[in-house]
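# Structural overview
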Amino acid sequence: MIPPILARRDAAGFWLTVLLTGIGTGLGASALTELLELVQHTLWSGNGIDLLQAACRAAAWKHLVILLGAGLLTGAGQLLVVRLSAANSIDITAAIWFHAGRLPTLRTLGSAMLSILVVGMGASLGREGAPKQTGAVIANVMSDRVRLSDEQRRLLVACGSGAGMAAAYGVPLGGALFALEVLRGERALRFVLPALLTSLIATGVSWAFLPNAPTYLIPPYTGTLGSMVWALLAGPIIGLASVGYVRAVAWVDHHRPSGPRRLAASAITLTLLGAISIVFPQLLGNGRDIAQLAFTGQVAPLLLLSLLLLKPAATLLCLGSGTPGGLFTPSLAIGALLGGLLGVPFAHAWPGTAPGLFAVLGATALLAATTQGPLSATVLMMELTGQARAFIVPMLLIVALATLIARTIEPRSIYDARLSDAEVLKRQRQRDPV
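Predicted model only: the values in this text are computed from it and were never measured.

### Structural notes on the packing of helix α10 (residues 225–254) against helix α13 (residues 301–320)
Two measures define how a pair of helices packs: the angle their axes make with one another and the distance between the axes. Running from amino to carboxyl end, α10 crosses α13 at an angle of 25 degrees, the nearest separation of the two axes being 8 Å. As the angle between them shows, α10 and α13 are arranged roughly parallel. In terms of crossing hand, the pair formed by α10 and α13 is right-handed. Listed contacts from α13 to Tyr 245, Ala 248, Val 249, Val 252 and Asp 253 of α10 are Thr 315, Leu 316, Leu 319 and Gly 320. Its residues assigned to classes, the contact of α10 with α13 shows six nonpolar, two polar and one charged.

Here it is as structure tokens:
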């Protein structure tokens with residue numbers, strides 16, 4: 001059982017593990033973020049933070065050489081790690097639900113390190129996968145040391161993974177909700193307190209090394225009648241798009257190349273990405289830069305359409321080739337592109353709503369629907385942008401509609417992609433008992 005108070009006899013070991021997991025995850029997330037920025041600065045020049053700006057200035061040959069190097073590095077990683085972990089919570093979800101939270105320590109950490117390197121080199125995947133894996137591994141190792149029960153281990157591994165996201169992005173409440181809603185699937189009080197404390201400690205530690213500032217800087221948008229009408233119309237569309245995206249993630253994850261082919265797949269895929277990025281440098285990296293531009297209405301409609309087709313394809317190809325990396329920020333960027341594009345005709349028919357607000361609402365809705373975590377997605381977007389109450393009504397409306405449509409059609413989230421139909425059904429029964 002999870003000790004809900006300090007007075008219980010077995011509480012000391014459990015809460016000590018929570019404390020140490022938070023500290024270790026905060027340090028790990030800080031180190032991985034610094035490594036990512038170092039890789040980007042060394043290879044692409046620039047400040048190490050704005051990959052898009054550096055890629056726009058880079059020569060064409062540099063795109064090809066760096067991405068080919070990322071592909072070869074992934075292939076070498078396949079040999080060293082034998083079977084790479086996805087680094088995007090797919091493996092963590094399976095571990096929590098079907099293996100009592102147990103993860104292979106060295107393989108998982110090796111995959112986390114590799115994912116940071118290749119994402120820094122330009123792979124079209126998220127950087128948050130590595131901190132989440134690191135937090136999960138620390139929680140698993142600490143659970144062994146303190147000899148916690150399987151139920152306690154499951155919770156702490158989810159808390160450690162959520163704390164990794166919290167520390168990487170400075171989102172303590174969103175990270176805790178992500179651990180509970182998306183990974184653990186429950187929000188009971190005995191789960192809430194460990195999740196909050198782990199994320200709070202990890203974020204506090206990371207702020208000693210990383211900037212304490214919103215990830216996305218957006219204008220002070222306000223919710224209007226027009227934005228609520230748009231949310232009613234766009235919510236079902238984004239829900240349907242989320243179903244297609246989740247099923248595509250599941251398909252490419254199940255059809256990863258095996259045997260000798262996996263060594264060449266990543267090199268071919270990432271070199272192809274490098275070639276396309278000469279024309280569309282926005283495809284490189286996790287998508288943070290293009291999401292920022294969409295949130296401030298700085299992406300032309302034709303470019304929105306082009307990137308909406310290319311960014312999901314690039315992310316799915318990287319994932320399908322065996323390249324490790326996260327799905328959180330790429331999904332957020334795809335939602336921003338979709339929301340921005342859906343807002344173009346509406347803005348002409350109903351003037352008055354800022355174009356960037358459509359992108360913010362679309363990003364939140366797609367994130368909520370693909371993770372099946374409406375509360376965590378909403379809070380994460382609030383913390384990532386530093387905005388809260390001003391447009392909460394259209395945001396909640398579009399999140400609810402998109403998630404309802406997506407969950408009605410497809411029980412999987414992007415983090416359930418590797419689970420079989422029987423495992424998904426078993427998880428549903430555990431989460432939603434009749």
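### A look at a nonpolar patch on the surface
On the surface, Leu 16, Leu 19, Leu 20, Ile 23, Leu 27 and Phe 209 cluster together to form a nonpolar patch covering roughly 490 Å² of accessible area. Turning to its location among the elements, Leu 27 is positioned in helix α1 (residues 11–44).

### Thoughts on the packing of aromatic side chains
A complete count under the given rule lists seven aromatic pairs for this structure. A centroid spacing of 5.9 Å and a plane angle of 45 degrees characterise the contact between Tyr 169 and Phe 328, whose relative ring orientation is tilted. One end of the pair, Tyr 169, is in helix α7 (residues 150–169); the other, Phe 328, is in helix α14 (residues 328–349), and 159 residues separate them in sequence. A residue is classified by how much of its surface remains accessible, and Phe 328, at 3% relative accessible area, is buried.

### So, the confidence of the model for the chain
The pLDDT averaged across the chain works out to 89; a share of 93% of its residues lies at or above 70. Per-element averaging of pLDDT across the chain places helix α18 (residues 421–431) at the bottom with 70 and helix α15 (residues 355–371) at the top with 96.

How each quantity is defined
- Residues numbered from 1 in each chain as written.
- Predicted model: local features only at pLDDT ≥ 70, side-chain atom pairs only at ≥ 80, totals over all residues.
- Heavy atoms only, no water.
- Axes fitted to C-alpha atoms, helices over the stretch in contact; angles between N-to-C directions.
- Helix = DSSP H or I, 4+ residues; strand = E, 2+ residues; numbered from the N terminus.
- Parallel < 35°, antiparallel > 145°, perpendicular 65-115°, else oblique.
- Left-handed = near helix turned anticlockwise from the far one by under 90°.
- Contact = heavy atoms within 4.5 Å.
- Nonpolar A, V, L, I, M, F, W, Y, C, P; charged D, E, K, R; others polar.
- Patch = residues over 30% accessible without salt bridge, like charges linked within 9 Å, V, L, I, M, F, W, Y side chains within 5 Å.
- Areas by Shrake-Rupley, 256 points an atom, 1.4 Å probe, with all protein chains shown as cover.
- Salt bridge = Lys/Arg side-chain N within 4 Å of Asp/Glu carboxyl O.
- Phe/Tyr/Trp six-rings, centres within 6.5 Å; stacked < 30°, edge-to-face > 60°.
- Buried < 20%, exposed > 50% of the residue type's maximum accessible area, 1.4 Å probe, protein only.
- pLDDT = per-residue confidence, 0-100.

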